[in-house]
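Listed below, chain by chain, are the residues.
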Amino acid sequence: MAQSLARSLADAQRTPLSHGAWVDLAHSWLPEPDTVFETLAREVPWRAERRQMYDRLVDVPRLVHTYMIGEELPHPSLGEAREALSAHYQSELGEPFRTAGCCYYRDGRDSVAWHGDTIGRGSTHDTMVAIVSVGDPRRLLLRPRGGGDSVAVEMGHGDLLVMGGSCQRTWEHAVPKVAHSGPRISVQFRPFNVF
Ligand SMILES: O=C(O)CCC(=O)C(=O)O
Ligand SMILES: [Fe+2]
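Heads up: these notes are all about the structure in this document. (Residues numbered from 1 in each chain as written. Chains lettered and ligands numbered in written order. Predicted model: local features only at pLDDT ≥ 70, side-chain atom pairs only at ≥ 80, totals over all residues.)

On to the sheet that holds strand E8 (residues 138–144), then. Read from one edge of the open sheet, 4 strands run E6-E11-E8-E9, paired in antiparallel fashion. Looking at which strands have only one partner, the edges of the open sheet turn out to be strand E6 (112–115) and strand E9 (151–155). Averaged over all pairs of adjacent strands, the angle between strand axes in this sheet comes to 15 degrees, irrespective of strand direction. Where E6 and strand E11 (residues 171–175) come together, 2 bridges link them in antiparallel fashion. Looking at E11, one finds that His-115 is bridged to His-173. (Pairing = 2+ DSSP bridges. Helix = DSSP H or I, 4+ residues; strand = E, 2+ residues; numbered from the N terminus. Axes fitted to C-alpha atoms, helices over the stretch in contact; angles between N-to-C directions.)

Laid out in structure tokens, this is it:
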């Protein structure tokens, strides 16, 4: 399975953004997305998050949990995904993906406001954050800091989005509220000291 994940990463579609930022996209990339969703919903020790995050005060209505370095992930597909991502991006990133942040958007009222993942190195260095999404599709928006048109990425069941280059410091991203949505869980793989 790890091999087929590696093959499909070679076909990931890269979209250059401004200021040295880019995103890679691969649809229906994660194996067994149904059981990944069910396992995460059931087994992750979810806690509420509603507080300051990143570089500004944002309202964060959603549930979260982070698997830190060395902790086993709750579904084998996620371990395989992280290995495939680390192998594929090794030459560009120079280090593996280490942590796995999990976010549970219970319905359309759950969201995350505009922010960059700028705790740690993301505020000063190029890095990558790789997101896999399971459950109902939600739109992830990206916009350049300081203004400009936003880019919308529809994240469906099993889809992969990788934000790279200067994306965390020169762009922001958000998952806006929507009128109607079922639950969605996102898993963000990050290298050491990127949050
Ligand atoms: O839900 C997502 O896909 C994005 C989550 C996010 O940007 C974050 O937790 O930093
Ligand atoms: Fe983020």
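Next comes the rest of the account.
With that out of the way, let us pick up the site of ligand 1. Close contacts around ligand 1 come from Gly-101, Cys-103, Val-112, Asp-117, Ile-131, Ser-133, Leu-140, His-173, Val-175, Ser-186 and Gln-188, and that covers them all. Elements supplying a minimum of two residues to the shell around ligand 1: strand E5 (99–105), strand E7 (129–135), E11 and strand E12 (184–190). The residue makeup of the shell around ligand 1, split by class, is 5 nonpolar, 5 polar and 1 charged. (Near = placed C-beta within 6 Å. Nonpolar A, V, L, I, M, F, W, Y, C, P; charged D, E, K, R; others polar.)

Take the environment of Pro-144 next. Of note, Pro-144 is situated in strand E8. Judged by C-beta crowding, with 16 C-beta atoms within 10 Å, Pro-144 ranks as partly exposed. For the pair Pro-144 and Ala-84, spaced 60 residues apart in the sequence, the C-alpha separation amounts to 29 Å. In contact with Pro-144, not counting residues within four places along its chain, are Ser-18, His-19, Thr-170 and Trp-171. (Buried ≥ 20, exposed ≤ 12 C-beta atoms within 10 Å, placed from the backbone. Contact = placed C-beta atoms within 7 Å.)

The next subject is helix H2 (residues 33–43). Listed as buried for H2 are Pro-33, Val-36, Phe-37 and Leu-40. All buried residues of H2 lie within an arc of 100 degrees about the axis, which places them on one face of the element. Opposite the packed face of H2, turned more than 90 degrees from it, sit the exposed residues Asp-34, Arg-42 and Glu-43. (Arc of directions from axis to C-beta.)

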